[in-house]
Amino acid sequence: MIRVLVVEDDPVAAEAHRLYVGRVPGFTAVAVAHSRAEALRALERTEVDLLLLDLYLPDGHGLQLVRSLRAAGHGADVVAVTSARDLTMVREGVSLGVVQYVLKPFTFPTLRDRLVRYAEFRATAGEASGQEEVDRALAALRAPQPSALPKGLSAPTLQAVTRTLRERPGGVTAAEAGLAVGISRITARRYLEHLVASGRAERTPQYGQIGRPELQYRWLNSPPGHGS
């Protein structure tokens, strides 16, 4: 059983992450901490194999916590759970033993995939027979398969629609998104609805014009419970 310490300052998100961990076979959440100081106290009294670590904590950055652990000789691995997209920070985290990054907002299947891959990597033992076996062990950790998209949707178009949505904080209609990306309004709406269904966007009706209200789609930078 892989023992996980959940470190997350938002109580609602922390509880959600604790429940998520408990739903993955082979993992158990042994403690929850809402700050760097709480995490250090939990690590003193509880055996932990893996930290599910929010990087923005009220009393210091998450990577500062990891540095403290490494200086003290603590070898627990780290899965960073964060909205931070700074690749310089990602590289620094890797050098400190951050084995996976999960970007907020995320769904349970996303976290489950990362944890299962981590468990596969952790289970590798013994002496490799050659380069291929070493590559295979690392691939379990470093090369997650992209999440399956609904039939008819493509990853490049989804990326383009997502980029359009994120560049327009005021929101867009399906027609506007389609025009920006170069696809039809109906096709754009399918992608936008997929983003809504996966918790990455929201839709609201826009009134004030004659006829049916038009739906406005807006990117969710930080849904409730996933604010840091």
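This one's a predicted model, so the numbers in the text were calculated from it and none came from an experiment. Here the residue numbers are simple positions, counted from 1 along each chain's written sequence. In keeping with the predicted nature of the model, local features appear solely for residues at pLDDT of at least 70, side-chain atom pairs appear and are counted solely at 80 or more, and the whole-chain, interface and lining totals rest on all residues. Water and hydrogen atoms were dropped before computing side-chain values, which therefore reflect all heavy atoms in the structure.

Q: What is the right way to read the overall build of the protein chain from this model?
A: Counting its secondary structure elements, the protein chain contains nine helices and nine strands. Burial status across the protein chain gives 39% buried among its 228 residues. Note on contacts: a residue pair qualifies if any of its non-hydrogen atoms lie within 4.5 Å across the two residues. Across the protein chain, every contact between residues at least 6 apart in sequence was considered, and the portion connecting residues at least 24 apart equals 60%. Shrake-Rupley sampling with a 1.4 Å probe provides the accessible areas, and residues are treated as covered by the protein chains on show and by no other component. Total accessible area on the protein chain is roughly 12,400 Å²; 52% of this is exposed by carbon and sulfur atoms. Helix and strand assignments follow DSSP, with helices taken as H or I runs no shorter than four residues and strands as E runs no shorter than two, numbered in order from the N terminus. Three labels apply to residues, based on accessible area from a 1.4 Å probe with only protein chains included: buried if under 20% of the type maximum, exposed if over 50%, partly exposed otherwise in between.

Q: Explain the packing of helix α3 (residues 62-71) against helix α4 (residues 87-96) here, please?
A: Comment: axis = line fitted to C-alpha atoms, over the contacting stretch for helices; angle = value between 0 and 180 degrees taken between N-to-C directions. Two numbers describe how α3 lies on α4: the axes approach to 10 Å, and their chain directions differ by 20°. Considered as vectors, α3 and α4 are oriented roughly parallel to each other. In this structure, α3 meets α4 at a crossing whose hand is left-handed. Seen from α3, the contacting residues are L63, V66, R67 and R70; seen from α4, they are M89, E92, G93 and L96. Residues that form the contact of α3 with α4 fall into these classes: four nonpolar, one polar and three charged. Roughly parallel means an angle under 35 degrees; roughly antiparallel, over 145; roughly perpendicular, 65 to 115; everything else is oblique. Take the far helix as the reference: if the near one is turned anticlockwise from it by less than a right angle, the crossing is left-handed, and if turned clockwise, right-handed. Note on residue categories: nonpolar means Ala, Val, Leu, Ile, Met, Phe, Trp, Tyr, Cys or Pro, charged means Asp, Glu, Lys or Arg, and polar means any other residue, Gly included.

Q: Would you take a moment to explain the packing of helix α7 (residues 155-167) against helix α9 (residues 185-197) for this structure?
A: When two helices pack together, their arrangement is given by the angle between their axes and by how far apart the axes lie. With their axes 10 Å apart at the nearest point, α7 and α9 run at an angle of 75° to one another. In terms of orientation, α7 lies roughly perpendicular with respect to α9. For the pair α7 and α9, contact is made by T157, L158, V161, T162 and L165 and by Y191, L192, H194 and L195, respectively.

Q: Mind showing me how you'd approach the pattern of salt bridges here?
A: Two side chains that carry opposite charge are able to pair once their charged atoms sit near each other. The rule for a salt bridge is simple: a side-chain nitrogen of Lys or Arg has to be within 4 Å of a carboxyl oxygen of Asp or Glu. Taken as a whole and assessed by the stated rule, the structure comprises nine salt bridges. A salt bridge links R3 to D49, with the shortest nitrogen-to-oxygen separation between them at 2.9 Å. Here R3 is found in strand β1 (residues 2-7), whereas its partner D49 is found in the loop between α2 (36-45) and β3 (50-54), with 46 residues between them in sequence. Assessed through its relative accessible area of 10%, D49 is described here as buried. Here R218 and E202 are joined by a salt bridge, their closest N and O atoms 2.3 Å apart.

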